[in-house]
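# What the coordinates show
Next come the chains, spelled out residue by residue.
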Amino acid sequence: MTDSKVAFVTGASSGIGRAVAARLAADGLVVVAAARRTDRLTELASQHPLLEPCPLDVTDRDAVRAAVDDTVTRHGRLDVFIANAGVMPLSRLDAGLVEEWDRMIDVNVRGLLNGIHAALPHFTRQSRGHFITTASIGAHQVTPTAAVYCGTKHAAWAITEGLRLESPPGIRVTTVSPGVVQSELAESITDPVAKEFMAEYRRHALDPDAIAAAIAYAVHQPAGVDVNEIIVRPAHS
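Residues numbered from 1 in each chain as written. Predicted model: local features only at pLDDT ≥ 70, side-chain atom pairs only at ≥ 80, totals over all residues. Heavy atoms only, no water.

### Quick look at helix α2 (residues 38-45)
The following threshold applies: The cut-offs for exposure are 20% and 50% of the maximum accessible area for each residue type, with area from a 1.4 Å probe on protein chains only; residues under the lower value are buried, those over the upper are exposed, and the others partly exposed. Secondary structure elements are taken from DSSP: a helix is a run of H or I of four residues or more, a strand is a run of E of two residues or more, and numbering for both begins at the N terminus. The directions considered for the arc run from the helix axis to the C-beta atoms. What makes two residues a contact is simply this: any of their non-hydrogen atoms within 4.5 Å.
Taken residue by residue, α2 has Leu 41, Leu 44 and Ala 45 as its buried positions. All buried residues of α2 fall inside an arc of 100 degrees around its axis, so they share one side. Its buried side turned inward, α2 meets α1 (15-26), β2 (30-35) and β3 (51-55).

Written as structure tokens, this is what we have:
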């Protein structure tokens, strides 16, 4: 049984997820850092003794459940689940890049649901736990080329709000909606119109550590305090 709090973070190999995993491990939590790129997780774990790499594809429901169950088996608890994994191959709707739309739905929506499905039984049994979703400012506003992405992030916001409303006492639920953040997300854009638009849109961006600080703030609140939503944007936006 681990005495320290235990956090499970998806999408931990880069960007916000990496910053969150590093921040929480530095704060003294045992962090299971999950992602597909295991080489990056291993490198991150070498810098943080409390961080454990976990190879994972969040679209695989059985794998997510198994990874979370294994975390609880080994540590005896799960205190925080951070559903951070996401993709953002933006494009105009008339570009018809339906396979990229499917990928966003699979990762950004089904991946979130898989995390809830895996973590919620443990939180319910413990009568405590904290579920955190990394949504996006796109959950609140739509920009050109981002209709599908914003749709998935609004869905993530709505699902997480539903989880908050349905959760019994002792379970906290937080949605964090970042504005533009320095990350690799824009590198997946193949549509030339969207790529050009994003180059200007992302000209001013937050460091991922700013989002990690916001998530750490929510995590470290007393048990009776539930930070429902945090929106973090660059000061000029």
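### What about the sheet that holds β3?
Think of a sheet as strands paired side by side through backbone hydrogen bonds, with each pair either parallel or antiparallel. For clarity, the threshold we go by: Only strands joined by at least two bridges in the DSSP assignment are considered to pair. Lines fitted to C-alpha atoms define the axes, with helix axes restricted to the stretch in contact, and inter-axis angles between N-to-C directions lie between 0 and 180 degrees.
One open sheet accounts for seven strands, arranged β3-β2-β1-β4-β5-β6-β7; its pairing is parallel. Two strands bound the open sheet, and with one partner strand each, they are β3 and β7 (229-232). Strand after strand, the sheet turns through a mean of 15 degrees between neighbouring axes, direction not considered. With five bridges connecting them, β2 and β3 associate as parallel partners.

### So, the pattern of salt bridges
For clarity, the threshold we go by: Salt bridges are defined by distance alone: a side-chain nitrogen of Lys or Arg within 4 Å of a carboxyl oxygen of Asp or Glu.
As enumerated under the stated definition, the model contains 10 salt bridges in all. Asp 69 serves as the salt-bridge partner of Arg 65, at 3.7 Å between the closest nitrogen and oxygen. Residue Arg 65 and its partner Asp 69 are located together in helix α3 (residues 61-75), separated by four residues, close to a single helical turn. The residue Arg 77 makes a salt bridge to Asp 79 at a minimum N-O spacing of 2.8 Å. Overall, the relative accessible area of 12% leaves Arg 77 in the buried class. With a relative accessible area of 7%, Asp 79 lands in the buried category. Within this structure, Glu 52, Asp 70 and Arg 74 form a network of salt bridges that share partners.

### Some points on α3
Put simply, the rule is: The span you would expect from a helix comes to 1.5 Å times its residue count less one. In protein, a polar contact means a hydrogen-donor-capable atom and an acceptor-capable atom, both N or O and within 3.5 Å, with residues adjacent in sequence counting only if both atoms are side-chain atoms; elsewhere, any N or O pair within 3.5 Å suffices.
For α3, built from 15 residues, the straight-helix expectation of 21 Å at 1.5 Å per residue is met to within 8% by its first-to-last C-alpha distance of 21 Å. Regarding α3, the residues found buried are Val 64, Ala 67, Val 68, Thr 71, Val 72 and His 75. In an axial view of α3, the angular spread of the buried residues amounts to 135 degrees, which keeps them on one side of the axis. For α3, the exposed residues lying more than 90 degrees away from the buried face are Asp 62 and Thr 73. Those residues of α3 that are buried lie in contact with β1 (6-10), β2, β3, β4 (80-83) and α4 (98-126). Here α3 starts with a cap whose side-chain oxygen sits 3.3 Å from the backbone nitrogen of Asp 62, and that cap is Asp 60. Among the residues trailing α3, Gly 76 stands out with phi positive, at a value near 80 degrees.

### Some thoughts on the packing of α1 against helix α7 (residues 208-219)
Using the following cut-off: Roughly parallel refers to an angle under 35 degrees, roughly antiparallel to one over 145, roughly perpendicular to one between 65 and 115, and oblique to any angle outside these ranges. Crossing handedness is defined as follows: a turn of the near helix away from the far one that is anticlockwise and smaller than a right angle gives a left-handed crossing, while the clockwise case is right-handed. Classes in brief: Ala, Val, Leu, Ile, Met, Phe, Trp, Tyr, Cys and Pro nonpolar; Asp, Glu, Lys and Arg charged; the others, Gly included, polar.
Interaxial distance between α1 and α7 falls to 8 Å at its minimum, and their mutual angle equals 50 degrees. Comparing their axes, α7 and α1 come out oblique. α1 and α7 meet at a crossing whose hand is right-handed. Residues Gly 15, Ile 16, Ala 19, Val 20, Arg 23 and Leu 24 of α1 touch α7, and the partners they reach there are Pro 208, Asp 209, Ile 211, Ala 212, Ala 213, Ile 215 and Ala 216. Here the contact of α1 with α7 is built from residues that sort into 10 nonpolar, one polar and two charged.

### Some remarks on the pairing of β4
Neither face of β4 is exposed, since Val 80 and Ile 82 on one face and Phe 81 and Ala 83 on the opposite face are all buried. As paired elements, β1 and β4 share three bridges and run parallel to each other. Bridge pairing links Ala 7 to Val 80 in β4. In this sheet, strand β5 (residues 129-134) lies alongside β4 in parallel orientation, the contact comprising four bridges.

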